[in-house]
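# Structural description and commentary
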Amino acid sequence: MRRNNNQKLHRKFDDDESQIISENKPNGNNVDHSEDAHMKRPRPHITELQDQDTEAHGTQPSDGSAAVVNSAPRWAQTASKKKQKVKKSHAADAKTVTFFSDDEEEQQRSSKALSFDQQKAKARELLEVRKTLPVYKAKDELLERLANSRVTVLIGETSSGKSTQIPQFLMPLNKKSIAVTQPRRVAAISLATRVAEEVGTTLGDKVGYSVRFDHKAKYGTKIKYLTDGMILREIMIDSSLSQYSTVIIDEAHERTVLTDLMMGFLKELLQKRKDLKVIIMSATLDAERFSKFFDNADILFVEGRMFKVEKLYLEKSVDDVVDSTIKTIIQVNNGELEGDILVFLPGQEEIDKCVSLLERLAPELPKEAPLIVPLPLYASLPPADQAKVFLPLKARRRKVILATNIAETSVTVPGVRYVIDTGLRKVKVWRHQLGLSTLLTAPVSKASATQRAGRAGREAEGKTFRLYTEDDFMKLPAMTEPEIARSNVVSPVLMLKRAGVDDILNWSWLQNPGQDSLISALTQLHELKALDDNGKITELGEQMAILPLEPQLSAILLTAHKSGCLSDAVDIVSCLSVDNLILNPPSETRDEVNEKRRSLCILGAKYGDLLMLKELLDFYLQFDNSQERKQWCHDLALSHRGFKNVMRVRNQIRQYMVSLTKDKHLFDEEKEKKPLDIPSVLKAFLSGYVSNTAIGMPDRSYRTTTSGQLISVHPSSLMFGKKNDAIMYTDFVYTTKGYARNVSAIELSWLQEVGGHVLAPKHSIA
DNA sequence: TGGGGATTT
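Residues numbered from 1 in each chain as written. Chains lettered and ligands numbered in written order. Predicted model: local features only at pLDDT ≥ 70, side-chain atom pairs only at ≥ 80, totals over all residues. Heavy atoms only, no water.

### Let's talk about the overall build of chain A
Broken down by element type, chain A carries 30 helices and 22 strands. Carbon and sulfur atoms provide 51% of the accessible area of chain A, an area that totals close to 33900 Å². (Helix = DSSP H or I, 4+ residues; strand = E, 2+ residues; numbered from the N terminus. Areas by Shrake-Rupley, 256 points an atom, 1.4 Å probe, with all protein chains shown as cover.)

### Regarding the protein's contact with DNA strand B
Every one of the 33 residues lining DNA strand B counts as a neighbour, but Ala 379, Asn 584, Arg 590, Thr 735 and Thr 736 are closest to it. When the atoms of DNA strand B within 4 Å of the protein are grouped by moiety, sugar and phosphate amount to 54% of the total. Interatomic distance of 3.3 Å between a side-chain N/O atom of Thr 227 and a phosphate oxygen of DNA strand B. Every element with two or more residues in the surface near DNA strand B is listed here: helix H9 (228–237), strand S15 (424–431) and strand S22 (738–746). A per-class count over the surface near DNA strand B returns twelve nonpolar, ten polar and eleven charged. (Near = heavy atom within 4 Å. Polar contact = N/O pair within 3.5 Å; in protein donor to acceptor, adjacent residues only side chain to side chain. Nonpolar A, V, L, I, M, F, W, Y, C, P; charged D, E, K, R; others polar.)

### Quick look at the environment of Pro 383
Within the element layout of this structure, Pro 383 appears in helix H14 (residues 383–387). Look at Pro 383 and you get partly exposed, because its relative accessible area is 31%. Measuring from C-alpha to C-alpha, the distance between Pro 383 and Arg 641 comes to 8.2 Å, with 258 residues separating the pair along the chain. (Buried < 20%, exposed > 50% of the residue type's maximum accessible area, 1.4 Å probe, protein only.)

### Looking at the packing of aromatic side chains
In total, this model carries eleven aromatic pairs according to the counting rule given. Ring geometry for Phe 265 against Trp 507: centres 5.3 Å apart, planes inclined by 65 degrees, an arrangement best described as edge-to-face. Of the two residues, Phe 265 is situated in helix H10 (residues 257–272) and Trp 507 in the loop between helix H18 (490–498) and helix H19 (515–527); the sequence distance between them amounts to 242 residues. Overall, the relative accessible area of 7% leaves Trp 507 in the buried class. Ring geometry for Tyr 313 against Tyr 468: centres 6.3 Å apart, planes inclined by 70 degrees, an arrangement best described as edge-to-face. (Phe/Tyr/Trp six-rings, centres within 6.5 Å; stacked < 30°, edge-to-face > 60°.)

### Quick notes on helix H21 (residues 551–563)
Since the α-helix turns once every 3.6 residues, residues separated by three or four places project in the same direction. With 13 residues, H21 extends 18 Å from end C-alpha to end C-alpha; this agrees with the ideal 18 Å at 1.5 Å per step. Considered for burial, the residues of H21 that qualify are Pro 551, Gln 552, Leu 553, Ser 554, Ala 555, Ile 556, Leu 557, Leu 558 and Ala 560. Residues of H21 that are buried make contact with H18, H19, helix H20 (539–546), helix H22 (566–576), helix H27 (640–661) and helix H29 (678–688). Gly 564 lies just past H21 and shows a positive phi near 80 degrees. (Expected span 1.5 Å × (residues − 1). Contact = heavy atoms within 4.5 Å.)

### Overview of the sheet that holds strand S5 (residues 214–216)
In space, the eight strands of this open sheet follow the order S5-S4-S6-S3-S7-S8-S2-S9, with mixed pairing throughout. The sheet is open, and its two edges are formed by S5 and strand S9 (298–302), each paired on a single side. Sheet twist, expressed as the average angle between the axes of neighbouring strands with direction ignored, equals 20 degrees. Of the pairings in the sheet, the one linking strand S4 (residues 207–211) to strand S6 (residues 223–227) comprises four bridges and is parallel in character. Considered in S6, the bridge of Gly 208 is made with Lys 224. Lying over the sheet, H9 contacts strand S3 (177–182), S4, S5, S6 and strand S7 (244–249), oriented at roughly 105 degrees with respect to S6. On top of the sheet, H10 reaches strand S2 (151–156), S7 and strand S8 (277–282); it is set at about 145 degrees to S7, its chief contact. (Pairing = 2+ DSSP bridges. Axes fitted to C-alpha atoms, helices over the stretch in contact; angles between N-to-C directions.)

### What to know about the pattern of salt bridges
Taken as a whole and assessed by the stated rule, the structure comprises 25 salt bridges. Taking the shortest distance from any N to any O, the salt bridge between Glu 141 and Arg 145 comes out at 3.5 Å. Of this pair, Glu 141 and Arg 145 are both found in helix H6 (residues 139–147), four residues apart, which corresponds to roughly one turn of the helix. Classification of Glu 141 by relative accessible area gives partly exposed; the value is 22%. On the basis of relative accessible area, Arg 145 is assigned to the partly exposed category, the value being 23%. Look at the salt bridges and you will find they share partners, linking Asp 568, Asp 571, Lys 614, Asp 618 and Arg 650 into a network. (Salt bridge = Lys/Arg side-chain N within 4 Å of Asp/Glu carboxyl O.)

### What about the UniProt feature "domain: Helicase C-terminal" (unreviewed entry) in chain A?
Residues given the UniProt feature "domain: Helicase C-terminal" (unreviewed entry) here are residues 325–500. Annotated as residues 325–500, this span is 33% helix and 28% strand, and its ends, taken at the C-alpha atoms, are 52 Å apart. (UniProt positions renumbered as here; feature names shortened; annotations may be inferred.)

### Section: the nonpolar core
Side chains that are nonpolar tend, in soluble globular proteins, to be buried together. Judged by nonpolar contacts, the single largest core of 106 residues is most densely connected at Leu 266, Phe 643, Met 657 and Phe 685. Once residues within four sequence positions are removed from consideration, Phe 685 is found in contact with Ile 556, Ala 569, Ile 572, Val 573, Leu 576, Leu 610 and Met 728. By size, the runner-up hydrophobic cluster in this structure holds 32 residues, among which are Leu 143, Met 171, Leu 300 and Val 302. (Core = buried A, V, L, I, M, F, W, Y, C linked by side-chain atoms within 4.5 Å.)

### As for the packing of H20 against H21
It is the contact of H20 with H21, at a shortest axis distance of 9 Å, that shows an interaxial angle of 115 degrees. Crossing hand, H20 versus H21: right-handed. Residues Leu 540, Gln 543 and Met 544 of H20 lie in contact with H21, whose contacting residues are Pro 551, Ser 554, Ala 555 and Leu 558. Looking at the contact of H20 with H21 residue by residue, the classes come out as five nonpolar, two polar and no charged. (Left-handed = near helix turned anticlockwise from the far one by under 90°.)

### Some points on unusual backbone geometry
For Lys 529, which is not a glycine, the phi torsion comes out positive at approximately 65 degrees. Positionally, Lys 529 belongs in the loop between H19 and H20. Taking relative accessible area as the criterion, Lys 529 reaches 48% and is therefore assigned partly exposed. For Ala 637, which is not glycine, the phi torsion reads 55 degrees and is therefore positive.

### Points about the side chain of Asp 260
Note on placement: Asp 260 falls in helix H10. When its relative accessible area of 3% is taken as the criterion, Asp 260 is described as buried. Apart from the residues lying within four places of it in its own chain, the contact partners of Asp 260 are Arg 255, Pro 482, Ile 484, Leu 510 and Gln 511.

### Quick word on the state of the cysteines
Across all of its chains, the model carries zero disulfides by this definition. Just so you know, Cys 633 is unpaired, no disulfide at all, and the nearest cysteine sulfur is the one on Cys 575, 11 Å from it. (Disulfide = S-S within 2.5 Å.)

### As for the confidence of the model for chain A
Mean pLDDT over chain A works out to 82, with 83% of the residues at or above the 70 mark. Taken as a whole, residues 1–92 scores under 50 in pLDDT and shows 221 contacts with residues more than four places along the chain or in a different chain. Counted against residues more than four places away or in other chains, residues 96–108, with its pLDDT under 50, gives 22 contacts. (pLDDT = per-residue confidence, 0-100.)

### A short note on the pairing of strand S17 (residues 462–469)
Burial runs high along S17: eight of the eight residues are buried. As defined by bridge partners, strand S14 (residues 416–421) adjoins S17 across four bridges and the pair is classed as parallel. Following the sheet pairing, Tyr 418 is matched in S17 by Lys 463.

Now the structure itself:
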């Protein structure tokens, strides 16, 4: 790398993103201008639930009456009014991820078991903290507004306390339960834990939660935090959600597929259930859209309490993101006061490059500045490595956390005062015309850039260094495109069919994914025999909708059941539905690890990755010692935690299959150790992945059976470099070229046998 | 012979 530090950043005071700035002057508690200020470490926060920081600092909040307005234009005005500055309190942070292992998590929770009196005392103590939250000041006015409308859109900035407080305010007013939905499991669990403390009840009693594999709620639980996926499951069982009188959709601005679906269902349900109230909570500008969707619902605004974040832009655009990132890190480290640095990069590749460059450079940097400690953070990183970003450092050191989008919403790292934002992210876009996904590096939206910047202003004033020009920023789209517009909607469509929606194209979509995308999904479901020729859901389709799996995988299990290889198929499907089970070995050991996998998985080497998964799971199950198991996972670059999840999924699927088939002894065959019937297993998978097949060409390339596109076997596959007549794959991703991932060898004759109805030439006369 | 942003039932 060239040592060229003349990269210039110029200052730009905020006028475009008034919602996260403060007009207040520093209050003196957080900014220290003494020479060695950067040596003073911020107090480490390991989890958000520690009982400290109970005192509030800073200026007085604005009065409650100013905090709530009911129209968007005034919202802008209100947003630019003074923000209070209060030292971070954990209440607003109750969604932060904690990195306990499963066992530790359990211990942590049970160690908190308090007596009735202790619970009440604790709740009284917490009440003082709650009173400092912006939303608490506006309580009376909020309640009045909420009482008068059936649907309300509530804009609450980060740290307003809306997710913890609003349900508590509403509790005495609701006859039935209040459901609060979250996009992520950890958020649902930690919010419920926090609110139970504030209410002074045992978790699972008055306040509880419900997420996959974990429920702490009973009949009569007044406030229930659920994941979006979980409440959709409940809708499948009880379409009128009769146990709730209020449903709160939180984090609606994230626009996940499941949140969007939920809003569509609620819109329809509101006509049926006249006693139901709905609150849509969002952190950003989407308010108008939500309001219109729900027949011009009231919009309320509650301010947050973020600190001011100064934004700096480049004067000239740069090409080399890694180079420019490194220079900026060094510049910030040399020139800025105490506080850690959070860097947003698009992907693992860029992160790993930066980490190794920084490790090399760190010892050569000026001795006056803190020593840089680079820490990568991305989803496929083992949990133990992820947890390192939370550990406190010794004096005279500065964390530089190099992260993907994971740090934008899912993981909140305390102590960050500086954000460096490359303005890039990776997006997966589903091309229904081609039946493949593309993984693109693309610019973020303004909303996303604002969110990233906000990560520097959670505990004190901060700065964000944007590695693009202000002009570039102005050209960014206002909002990230909702996920549903770029996803495969097979699963949502099946869900709607199962809920009795006939006219999918004209359903109450918050955002319609588009006719082409919907028709492609309907076609796929027809091919899977989930829908009949009239588009009505079949019995098979009903069963597929019940299983907590993608329709393809459900179809595979139902076929496998008929052909007598269910147990093996369940094992493989369980592995397929866990992300990051098979890790990418670090480049130093890559060849070695690949060779180990190949020699261990004899069937995998011959038949492909699906059988490798089966073999790996069998090996995993053989260990009786958890230490050996961990070591084995480590040697083969497999995720130990991933396998634990596989076991939970496997268990759940088995239960579902038992109840679907009403055959209690369905999995008893396991005791007999039936030999593995490889063709049956592969044919069962072929029934779900008929369209994901390709024929081998003489030049060792493959062409897909559906469109004749050129496709290559991904190098991470055991089938890489092998010649086969035909292959089947679970994923087709276009990056530098079209890659098939998770590849298995199949026989040409099976294509006609299993997939004749799909692959028959379109021009043939029926 | 080459590279997987993030969720969830």
